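Observations on chain architecture
So the chains spell out like this:
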Amino acid sequence: MFSASELELVGAIIGDGHIHKSSKYYVGFTGNKLTDKEYFAKLGALIESVWKKKARIFESSGGLRIRLYSKDLVHRLITVFSLPFNSGKCYVVKIPKGVALDYSQAKHVLRGLVDTDGSVFVSKKPGVECYPSLEITTVSSVLAEQVREILLCAGFRVTNLRRHKSKLSTVVCYKICLYGKNNLKKWLGEIGFSNPVKLAKAQAALAHPF
């Protein structure tokens, strides 16, 4: 059994992180320099608490970065959690099978995944001014199927996977969508957010009278 905090970090790596293994060994995250500063500060503190390593937070190429050098940690993530490394990670990444089958563990991975690679928004629908939605997007078909199955088994109302391809890209991505107030309430109650921006959006969506 892994700690909730470590599973959350694994989810963040699955979402928007990367593992580099060659002449140098490091774990990295990429974020928005305008909206992710507070979340990255929390992520850095969580890394130090769980892995006892100091993460470097910096700006580069117009984005916010976290980098953590550790051969031992890279080895743990690859061998214990079966996370892919170097290029192509996003196409094959998945939640470790034993974790995916146990909701008490999987929900912490989902929290980290949505904090980094999910979105919370409202849209206008007939008769509803602000309809809340939570959406997870990935190019890994295996991860998409896993996430949908975990959420269905936990009692969420989940749509069928949506295949999407941007006009600017040849890559197909998969969207897992949770629509409606009840889904968002359940997510907040059982899984939650560590990303302050996404938490605020969820709370604002639920506070709207519709």
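As a reminder, the structure under discussion sits directly above these lines.
The text that follows walks through the structure, step by step, so that each part is easy to find. (Residues numbered from 1 in each chain as written. Predicted model: local features only at pLDDT ≥ 70, side-chain atom pairs only at ≥ 80, totals over all residues. Heavy atoms only, no water.)

**A few points about the nonpolar core**
Judged by nonpolar contacts, the single largest core of 55 residues is most densely connected at Leu77, Ile95, Leu151 and Trp187. Residues in contact with leucine 77, not counting those within four places in the same chain, are Val10, Ile13, Ile19, Val27, Trp51, Ser82 and Leu83. (Core = buried A, V, L, I, M, F, W, Y, C linked by side-chain atoms within 4.5 Å. Buried < 20%, exposed > 50% of the residue type's maximum accessible area, 1.4 Å probe, protein only. Contact = heavy atoms within 4.5 Å.)

**A short note on the sheet that holds strand S8 (residues 173–179)**
Read from one edge to the other, the open sheet built from 4 strands follows the order S5-S6-S8-S7, with strand pairing classed as antiparallel. The sheet terminates laterally at strand S5 (118–125) and strand S7 (162–164), the two strands that pair on one side only. On average, each strand axis in the sheet is inclined to that of its neighbour by 40 degrees, with strand direction left out of account. Across 3 bridges, the pairing between S7 and S8 is antiparallel. Bridging from a neighbouring strand, arginine 163 pairs with tyrosine 174 of S8. Against the sheet, helix H8 (residues 181–190) engages strand S6 (128–138) and S8, with an angle of about 55 degrees to S6. Each of S5 and S6 touches helix H9 (residues 196–207); the most contacted strand, S5, lies at about 25 degrees to it. (Pairing = 2+ DSSP bridges. Helix = DSSP H or I, 4+ residues; strand = E, 2+ residues; numbered from the N terminus. Axes fitted to C-alpha atoms, helices over the stretch in contact; angles between N-to-C directions.)

**Here we look at H9**
Here H9 spans 16 Å end to end across 12 residues, near enough to the 16 Å set by a 1.5 Å rise per residue. Along H9, the residues that are buried comprise Pro196, Lys198, Ala202, Ala205 and Leu206. Packed against the buried residues of H9 are helix H2 (37–51), helix H6 (103–117), S5, S6 and H8. A distance of 3.1 Å separates the backbone nitrogen of valine 197 from a side-chain oxygen at the start of H9, and that oxygen is part of asparagine 195. (Expected span 1.5 Å × (residues − 1). Polar contact = N/O pair within 3.5 Å; in protein donor to acceptor, adjacent residues only side chain to side chain.)

**Brief notes about unusual backbone geometry**
Unlike most non-glycine residues, serine 61 shows phi in positive territory, near 55 degrees. Residue position: serine 61 is located in the loop between strand S3 (56–60) and strand S4 (63–69). Not every positive phi belongs to a glycine, and asparagine 86 is a case in point at roughly 60 degrees. Tracing the chain through its elements places asparagine 86 in the loop between helix H3 (71–79) and helix H4 (89–92).

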